[in-house]
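Overview (structure and organization)
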Amino acid sequence: MDITQQLAQRIVDTRPERIPESARVVARQALMDFIGVAIAGAREPLADILAAEIDAEGSHPQAQLLGRSGRASVRQAALFNGSAGHAHDYDDVQAAMTGHPTVPVAPAALALAEHLDRSGAEVVAAFCAGVDAECVLGRFAGTNHYTRGWHSTGTLGAFGAAAAAAQLRHLDVTQTATALGIAGTQAAGLKAQFGTMCKPLHAGHAAATGVDAANLAARGFTSRLDILEADQGFLATQSECGSAAQWEKALSVPAYTQDICFKYHAACYLTHSSIEAVKSLSERHGLAPKDVADMEICVDPGHLKVCNIAEPQTGLEAKFSLRLTAAMAMAGVNTASIDVFTDEAAQNEELAALRDRVSVAAHTDRNPNSIVNIRTADGRSYSEACNVAIPMTDLDAQWRKLETKFRALVAPRLGDAAASAIIEACHGLEQADSIKPLMALVKGHAA
């Protein structure tokens, strides 16, 4: 199967008029959401370190660093903005790629489009091409890639970023296949790094890799044109390669962007169904922490290797703890706020005591739900099942939810007026002749 060539052709063929309207709407929503979480993450310790490294390297001021006053080269901006956008683990997800689709693609697309002065419609199309590429590969590779320990956001995301950058560079099919090859030999990201600064770095590295891949391909850099299917190529080394039928099925989906799911809790997405189930039980039955004798959370076995840090000691680790996030939900902690995931919260004695009454188990049969069972001190039992991984179809309602989240993230950092202006610009992005006015709005204040 000439997988790399077929994917390159699909990327080149992605044009605004061929993209379903629902995908274009969700693309604008995803770009707005990414800008919000990146601005919120732009002053995190990992972002400060990256910004200091950029200053030390020096650069051409080609693209804006989100949420900061500085500018950098396109690849530096992609690295910084992608890492900042994943700092709080508050960015969107897509089941097809088993990862975060926007955070490797958007920073590459925005930085390169600003430098090349592309239109908003071109950015939306490039973004859709990038998300589409990483999701097609995710469907073909299957979940085995992720369960082996690869972080799909970093690995598949590198291909998505390269696809978006190739679109903005107007590369032809051969050049695009070359860009995919260049990205594929650099794609990386290990799940063992979850709970450290390296997890967000995966997203930034993928974005920068995609920029480099397209830029080098445009200059005539060479690569294998079959990196995906080659013997000892990407799929052969990182997954149990899918069948021809599986590839055709992945390609048969006309678009993937509309199936992005957004996050409304600032923790690992695999904790969200449990958080929602705990909140539902607490509110419906008037439960408080003192009422809980014990709580059991039953989840897909794959969750146990991702977000089951039993006794987190840092705010980052807390985001990957089913036990602690469930305790926080029961205690009424607002897990939608990025400010609650701190080292102090992870080490809070009352939360830790409640956390220690929570156990985590794996489903014995296939079940997409997180099931929470609570036994109270007076002997009552309650149970709730929840699965948040279902895309919303009411896109107007989704705009409203995302705008609320965006304002909460951005207004404290840039002010209410700037938050409103960015929201308005994202709504009308496809009518914008240039991406530069939007990027001028995301500039942060000097430290």
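This section reports on the structure supplied with the text. (Residues numbered from 1 in each chain as written. Predicted model: local features only at pLDDT ≥ 70, side-chain atom pairs only at ≥ 80, totals over all residues. Heavy atoms only, no water.)

1. Some points on helix H8 (residues 152–168)
- Taking 1.5 Å of rise per residue, 17 residues should cover 24 Å, and H8 covers 23 Å from first to last C-alpha, within 8% of that figure.
- When the local axis directions of H8 are compared, the greatest deviation, roughly 35 degrees, occurs at Ala-158.
- Directly after H8, the chain includes His-170, whose backbone phi takes a positive value near 60 degrees. (Helix = DSSP H or I, 4+ residues; strand = E, 2+ residues; numbered from the N terminus. Expected span 1.5 Å × (residues − 1). Bend = angle between axes of the 7 residues up to and from the residue.)

2. Description of the sheet that holds strand E4 (residues 358–362)
- Taken in spatial order, the 4 strands line up as E4-E3-E5-E6 in an open sheet, and their pairing is mixed. Where the open sheet ends on each side, the last strands, each with one partner, are E4 and strand E6 (381–386). This sheet shows a mean twist of 15 degrees between the axes of neighbouring strands, independent of strand direction.
- Strands strand E3 (292–299), E4 and strand E5 (370–376) of the sheet are contacted by helix H15 (residues 322–330), whose axis makes an angle of about 130 degrees with E3. (Pairing = 2+ DSSP bridges. Axes fitted to C-alpha atoms, helices over the stretch in contact; angles between N-to-C directions. Contact = heavy atoms within 4.5 Å.)

3. What to know about the side chain of Asn-215
- The topology assignment puts Asn-215 in helix H10 (residues 198–218).
- Engagement of the side chain of Asn-215 in a polar contact is seen with the side chain of Arg-169, the distance being 2.9 Å.
- Sequence-distant contacts of Asn-215, that is, excluding residues within four places in its chain, are made with Leu-112 and Arg-169. (Polar contact = N/O pair within 3.5 Å; in protein donor to acceptor, adjacent residues only side chain to side chain.)

4. Considering the pattern of salt bridges
- Scanning the entire structure with this criterion turns up 17 salt bridges.
- Put simply, Lys-199 and Asp-89 hold a salt bridge, and the shortest N to O gap is 2.7 Å. Residue Lys-199 is located in helix H10, and its partner Asp-89 is located in the loop between helix H4 (74–85) and helix H5 (102–116); the two are separated by 110 residues in the primary sequence. Across this residue pair, the class does not change: Lys-199 and Asp-89 are buried.
- A network of salt bridges, in which partner residues are shared, links Arg-24, Arg-28 and Glu-430. (Salt bridge = Lys/Arg side-chain N within 4 Å of Asp/Glu carboxyl O. Buried < 20%, exposed > 50% of the residue type's maximum accessible area, 1.4 Å probe, protein only.)

5. Section: the packing of aromatic side chains
- The tally for this structure, following the rule as stated, stands at 3 aromatic pairs.
- Taking the centre distance of 5.2 Å and the plane angle of 75 degrees together, the rings of Phe-140 and Trp-247 count as edge-to-face. With Phe-140 in helix H6 (residues 120–141) and Trp-247 in helix H12 (residues 244–252), this pair connects stretches of sequence that are 107 residues apart. As far as the burial class goes, Phe-140 and Trp-247 line up, both buried.
- Seen in terms of ring centroids, Phe-159 and Phe-234 are 4.8 Å apart; in terms of plane orientation they differ by 75 degrees. Their pairing is edge-to-face. Residue Phe-159 is located in helix H8, and its partner Phe-234 is located in helix H11 (residues 234–238); the two are separated by 75 residues in the primary sequence. Accessibility assignment for this pair places Phe-159 and Phe-234 in one class, buried. (Phe/Tyr/Trp six-rings, centres within 6.5 Å; stacked < 30°, edge-to-face > 60°.)

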